[in-house]
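What follows is the residue order along each chain.
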Amino acid sequence: MAILENLNTLKLTDAKRPKNQPPIVQRRNKLISKLCVQLELAKAKHSGKDFVVKRYKNVKDLEGNIKSIEKPKRIKPWWFTSSSGALCINVFYGSKVLELAKGKTAIEAANLENVIEVLGLLKREAEIGTFDAAIEAASLQLRSRFELKIPKTSQKSKVLTDSIVQTAFINK
């Protein structure tokens, strides 16, 4: 009966987990996870430690067996030193830099401690949806690269006519 008494202190609901999230929430979560990785990388650099994210890769050995091995994933820091000597931070969604304000894509930071603070602030802002419009714009740019490119019909028909001419010549 002690278990029931403990359950009575909790607020129970009949909420159901959604089967899928809206695309903007998925994109926001992707940005938040990348910001978390950058935050951990900055903290490790500040304390002088190495930060490594491991990923698993399936490889075949000499006998043909497939084994899963751990490999370190390369992480590029989003901060850099500008030509003026200040640290600047870009926010990436995929390979695209997010535009944080009209024509502004970087945040200036004084030192690595400030980079950690700024990344934490960016993570909190991403959680509340501040970057949703910028993420949507970057997502559209990224998706446009993957559109199906239809070959020109003139090139296709030239190849077909050349092959018809060759077969006609061979048949004579």
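Up top is the structure these notes are about.
From a predicted model like this one, the values you see are computed outputs, not experimental measurements.

Conventions and cut-offs
Residues numbered from 1 in each chain as written. Predicted model: local features only at pLDDT ≥ 70, side-chain atom pairs only at ≥ 80, totals over all residues. Heavy atoms only, no water. Pairing = 2+ DSSP bridges. Helix = DSSP H or I, 4+ residues; strand = E, 2+ residues; numbered from the N terminus. Axes fitted to C-alpha atoms, helices over the stretch in contact; angles between N-to-C directions. Parallel < 35°, antiparallel > 145°, perpendicular 65-115°, else oblique. Contact = heavy atoms within 4.5 Å. Nonpolar A, V, L, I, M, F, W, Y, C, P; charged D, E, K, R; others polar. Polar contact = N/O pair within 3.5 Å; in protein donor to acceptor, adjacent residues only side chain to side chain. Core = buried A, V, L, I, M, F, W, Y, C linked by side-chain atoms within 4.5 Å. Buried < 20%, exposed > 50% of the residue type's maximum accessible area, 1.4 Å probe, protein only. Left-handed = near helix turned anticlockwise from the far one by under 90°. Salt bridge = Lys/Arg side-chain N within 4 Å of Asp/Glu carboxyl O. 1 Å grid on protein atoms, 1.4 Å probe; cavity = no way out; pocket = protein on both sides within 12 Å on 5 of 7 lines; lining within 4 Å. Points joined across faces, edges and corners; volume = space filled by probe spheres on them. Patch = residues over 30% accessible without salt bridge, like charges linked within 9 Å, V, L, I, M, F, W, Y side chains within 5 Å. Areas by Shrake-Rupley, 256 points an atom, 1.4 Å probe, with all protein chains shown as cover.

A. Geometry of the pairing of strand E2 (residues 66–73). Bridge count between strand E1 (residues 53–60) and E2: eight bridges; the pairing is antiparallel. Looking across to E2, one finds that lysine 60 is bridged to isoleucine 66. Hairpin geometry of E1 and E2 is characterised by an intervening segment of five residues between the two adjacent antiparallel strands and by a positive phi of about 95° at glycine 64.

B. Inspection of the packing of helix H2 (residues 23–47) against helix H4 (residues 132–144) at higher detail. It is at 10 Å that the axes of H2 and H4 come closest, and there the two elements cross at 95°. The orientation of H2 with respect to H4, classified from their angle, is roughly perpendicular. Facing H2, whose interface residues are Ile24, Arg27, Arg28 and Leu31, H4 presents Asp132, Ile135, Glu136, Ser139 and Arg143. Here the residues of the contact of H2 with H4 are counted per class, giving three nonpolar, one polar and five charged.

C. Structural view of the side chain of arginine 27. Looking at the element boundaries, arginine 27 is found in helix H2. A distance of 3.1 Å separates a polar atom in the side chain of arginine 27 from a polar atom in the side chain of serine 139.

D. Looking closely at the nonpolar core. The biggest cluster of nonpolar side chains holds 26 residues, and the ones touching the most others in it are Leu31, Trp79, Leu98, Val115 and Leu119. At the level of secondary structure, the elements contributing two or more residues to this core comprise H2, strand E4 (87–90), helix H3 (112–128) and H4. No other element matches H3, which puts seven residues into this core. Sequence-distant contacts of valine 115, that is, excluding residues within four places in its chain, are made with Ala42, Trp79, Leu87, Ile89 and Ala109.

E. Quick peek at the packing of H2 against H3. Contact geometry for H2 and H3: axes closest at 9 Å, N-to-C directions at 165°. Taken as axis vectors, H2 and H3 run roughly antiparallel relative to one another. Here H2 and H3 pass one another in a crossing that is left-handed. Here H2 contributes Arg28, Leu31, Ile32, Leu35, Cys36, Gln38, Leu39, Ala42, Lys43, Lys45 and His46 to the contact with H3, which in turn contributes Leu112, Glu113, Val115, Ile116, Leu119, Gly120, Leu122, Lys123, Ala126 and Glu127. Taken together, the residues that form the contact of H2 with H3 break down as twelve nonpolar, three polar and six charged.

F. Inspection of the pattern of salt bridges at higher detail. Tallied over the full model, the rule gives five salt bridges. Residue lysine 67 pairs with aspartate 61 through a salt bridge whose shortest N-O separation is 3.7 Å. Between lysine 123 and glutamate 127 there is a salt bridge, with its nearest N and O atoms 4.0 Å apart. Remark: glutamate 127 and lysine 123 occur in helix H3; sequence separation between them is four residues, near one turn of the helix. Residues joined by salt bridges that share partners form a network here, namely Arg27, Glu136 and Arg143.

G. Looking closely at the layout of surface pockets. Within this model, the largest pocket holds a volume of roughly 440 Å³. Looking at the largest pocket, it is lined by 14 residues, and the ones nearest its centre are Lys34, Arg74, Ile75, Lys76 and Trp78. In terms of residue count, the dominant contributor to the lining of the largest pocket is H2 (five residues). Residue composition of the lining of the largest pocket, grouped by class: six nonpolar, three polar and five charged.

H. Region of the structure containing a nonpolar patch on the surface. Residues Leu7, Leu10 and Leu12 make up a contiguous nonpolar surface patch of about 310 Å² in total accessible area. Along the polypeptide, leucine 10 turns up in the loop between helix H1 (2–8) and H2. Using a relative accessible area of 52% as the deciding quantity, one classes leucine 10 as exposed.

Structural measurements only, silent on function.
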